[in-house]
Amino acid sequence: MMQNEQWSSKLGFILASAGSAIGLGAIWKLPYTAGESGGGAFILLFILFSLFIGLPLLLAEFVIGRSTGKEAISAYRTIAPKSKWHWLGYLGVFTSFLLLSFYSVIGGWVIQYLYYGIASDTSVGMSGYEGLFNETVSNTYLSLGAQALFLIITVAVVAKGVQQGIEKVNKFMMPALFILFVIIIIRSVTLDGASEGIEFFLKPDFSLLSSESLLYAMGQSFFSLSVGISVMVTYSSYLSKKESLVQPALSVVAMNLFISILAGLAIFPAVFSLGYEPTAGPGLLFIVLPAVFDQIIFGKVFLLLFLALFLFATLTSAFSMLEIAVASVTKGATKNRGKVAWLFGLAIFIVGIPSNLSYSVLSDITIFGKSIFDSVDFLVSNILLPLGALLIAIFVSYRMKKDLLKSEIVMNSTSLKGLFNVWFFLMRYVVPIVIVIVFLDSSGLFNLFK
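Residues numbered from 1 in each chain as written. Predicted model: local features only at pLDDT ≥ 70, side-chain atom pairs only at ≥ 80, totals over all residues. Heavy atoms only, no water.

*Asks:* What's the story with the overall build of the protein chain in this structure? I'm lost.
*Replies:* Counting its regular elements, the protein chain contains 18 helices and two strands. In the protein chain, once contacts between residues fewer than 6 apart in sequence are set aside, the share between residues at least 24 apart is 84%. (Helix = DSSP H or I, 4+ residues; strand = E, 2+ residues; numbered from the N terminus. Contact = heavy atoms within 4.5 Å.)

If you want it as structure tokens, here you go:
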């Protein structure tokens, strides 16, 4: 079946892909993970993984999707008929489904905090915000309601289709995200004592690295770029055959790294300036930052701006996670898209309930010492994403025809022939080996760090 949906322009594709990549990974997860893993050293690892592992994988997913013009499951089936490789597409759909189930919980928290920021006129201090966060995540009905609202917004956009829904909204949200970030960073880096936070974020201290840091940095690069789950296979299937794949891939990675750096520059200078700890974990954005903004002139305005930015980034990523599932059923047709999107939204909400309740009525339930929410996060970020990335690297470099790969990447451009050779070498040898080594290292079977 031919693809009925298509991006209206290359810019639309780049913004949508960047929107998919730039989300909780860059704004929520990277700052607190960096704070717990040594700051600058972790950031350097994250950048290296993004450039030499994430970028080749992103380009690989673009090639798979654009060469077939089909969503993930059908794309693998088309390239490797009468094989089991189409299960890689199912793995991507499952991982995206699971990811959105706990991702939507955090989206719900952001919506609640936006409401608090608009409705509240008083400052409550650090202890007050800690209590507010605990109350937010433990209030069963309010938390579930906010999660449902987040998914309703996500489904409503995806149901409208690629051009009229995802692309149209991203063209507004992505520029707004950049503008809001610049405003917040200017305020953050001009605070007294901000330089200590900048140094922590950008100056590497390799003595703080561990095997776990290595695994988390790789998982963070996959999480941040939305690679390993075939989301970008589906997104690139909507791209015209006339457009280059290299430029969008480079643009998405560059924008993601840029936003990740901006997130750190927005957060850590303010945190250090006012004497708070950068190792606050997942609560960094919900406990520490509101307390920080409380002590800044026009702090409430900046907090609302940051929360709006946070919500935009969270939604643009959520669109792509839902789209891969919807496209796997609709197969590029627009008929019944809305119905399929709402059914998936309902299913994701139901599956996400245990993660939501892991902070309240299910808080006593742990899996290998982790809460349900943290267990799902670890499974997706550090197992399913690297596994999907490893299989995609093997599929592209050993199962796809080299001539097809070259034609998709080079596109009659002699200047890209050298780049193709480097990319193919990375995909065949470097990417799989690095992923396997990091897995072995994290399991204790191969120790890079003593």
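*Asks:* Would you explain helix α7 (residues 140–159) in this entry?
*Replies:* An α-helix turns once every 3.6 residues. As a result, residues three or four positions apart point the same way. For α7, with 20 residues, the first-to-last C-alpha span of 28 Å sits near the 28 Å given by 1.5 Å per residue. All buried positions along α7 are accounted for by Thr140, Ser143, Leu144, Ala146, Gln147, Phe150, Leu151, Thr154, Val155, Val157 and Val158. (Expected span 1.5 Å × (residues − 1). Buried < 20%, exposed > 50% of the residue type's maximum accessible area, 1.4 Å probe, protein only.)

*Asks:* Would you mind going over the environment of Ala41 with me for this structure?
*Replies:* Residue position: Ala41 is located in helix α3 (residues 40–68). A relative accessible area of 0% means that Ala41 is categorised as buried. Taking the C-alpha atoms as reference points, Ala41 and Asp205, 164 residues apart in sequence, are found 5.3 Å from one another.

*Asks:* Is there a simple way to think about the environment of Ser407 in this case?
*Replies:* With respect to the helices and strands, Ser407 occurs in helix α17 (residues 402–410). Given the relative accessible area of 43%, Ser407 is considered partly exposed. Between the alpha carbons of Ser407 and Val63 there is a distance of 9.6 Å; along the sequence they are 344 residues apart.

*Asks:* Sorry, what's going on with a nonpolar patch on the surface here?
*Replies:* A cluster of nonpolar side chains, namely Leu44, Leu48, Leu51, Phe52 and Phe206, defines an oily patch on the protein surface of about 440 Å² accessible area. Using a relative accessible area of 33% as the deciding quantity, one classes Leu44 as partly exposed. (Patch = residues over 30% accessible without salt bridge, like charges linked within 9 Å, V, L, I, M, F, W, Y side chains within 5 Å. Areas by Shrake-Rupley, 256 points an atom, 1.4 Å probe, with all protein chains shown as cover. Salt bridge = Lys/Arg side-chain N within 4 Å of Asp/Glu carboxyl O.)

*Asks:* Would you take a moment to explain the nonpolar core for this structure?
*Replies:* The biggest cluster of nonpolar side chains holds 143 residues, and the ones touching the most others in it are Leu57, Ile64, Val396 and Trp423. If we skip the residues at most four places from it in the chain, Ile64 touches Ala75, Tyr76, Ile79, Val233, Ile392, Phe395, Val396 and Met400. (Core = buried A, V, L, I, M, F, W, Y, C linked by side-chain atoms within 4.5 Å.)

*Asks:* Before we go on, may I ask you to explain the packing of α3 against α17 in this structure?
*Replies:* Geometry of a packed helix pair, given as the angle between the helix axes and the separation of the axes. The geometry of α3 relative to α17 is characterised by a closest axis approach of 10 Å and an angle of 100 degrees between their N-to-C directions. Relative to α17, the element α3 lies roughly perpendicular. Across the interface between the two elements, Leu59, Val63, Arg66 and Ser67 from α3 touch Leu404, Leu405, Glu408 and Ile409 from α17. Taken together, the residues of the contact of α3 with α17 sort by class into five nonpolar, one polar and two charged. (Axes fitted to C-alpha atoms, helices over the stretch in contact; angles between N-to-C directions. Parallel < 35°, antiparallel > 145°, perpendicular 65-115°, else oblique. Nonpolar A, V, L, I, M, F, W, Y, C, P; charged D, E, K, R; others polar.)

*Asks:* Just checking my understanding: could you explain α3 for this structure?
*Replies:* Counted at 1.5 Å a residue, the expected span for α3 with its 29 residues is 42 Å, and the 40 Å between its end C-alpha atoms agrees. Along its length, α3 reaches its greatest deviation from straightness, about 40 degrees, at Ser50. Counting buried residues along α3, 24 of its 29 residues qualify, which places the element largely inside the surrounding structure. Just downstream of α3, Gly69 is the residue with a positive phi angle, here 70 degrees. (Bend = angle between axes of the 7 residues up to and from the residue.)

*Asks:* Where do I start with the confidence of the model for the protein chain in this structure?
*Replies:* Parts of the prediction with low pLDDT should not have their coordinates interpreted in detail. In the predicted model, the protein chain carries a mean pLDDT of 81, and the fraction of residues at 70 or more is 84%. Averaged over each element, pLDDT in the protein chain is lowest for helix α1 (residues 10–21) (67) and highest for helix α15 (residues 337–357) (93). (pLDDT = per-residue confidence, 0-100.)

*Asks:* Explanation requested: the packing of α3 against helix α4 (residues 72–79) in the structure shown.
*Replies:* At their nearest, the axes of α3 and α4 sit 9 Å apart, and the two run at 80 degrees to each other. Classified by the angle their axes make, α3 and α4 are roughly perpendicular. The segment α3 lies against α4, with Ile64, Ser67 and Thr68 engaging Ala75, Tyr76, Thr78 and Ile79. Residues of the contact of α3 with α4, tallied by class, amount to four nonpolar, three polar and no charged.

*Asks:* I would appreciate a short explanation of the pattern of salt bridges in the present structure.
*Replies:* Pairs can form between side chains of opposite charge whenever their charged atoms are close. The tally for this structure, following the rule as stated, stands at two salt bridges. Note that Glu408 and Arg66 form a salt bridge whose closest N and O atoms lie 2.8 Å from each other. One end of the pair, Glu408, is in helix α17; the other, Arg66, is in helix α3, with 342 residues separating them in the sequence. Each member of the pair, Glu408 as well as Arg66, carries the same accessibility label: buried. Between Arg337 and Glu323 there is a salt bridge, with its nearest N and O atoms 2.9 Å apart. Here Arg337, found in helix α15, pairs with Glu323, found in helix α14 (residues 299–330); they are 14 residues apart in sequence, far enough to count as distant. Owing to a relative accessible area of 3%, Arg337 belongs among the buried residues under this scheme. With a relative accessible area of 0%, Glu323 lands in the buried category.

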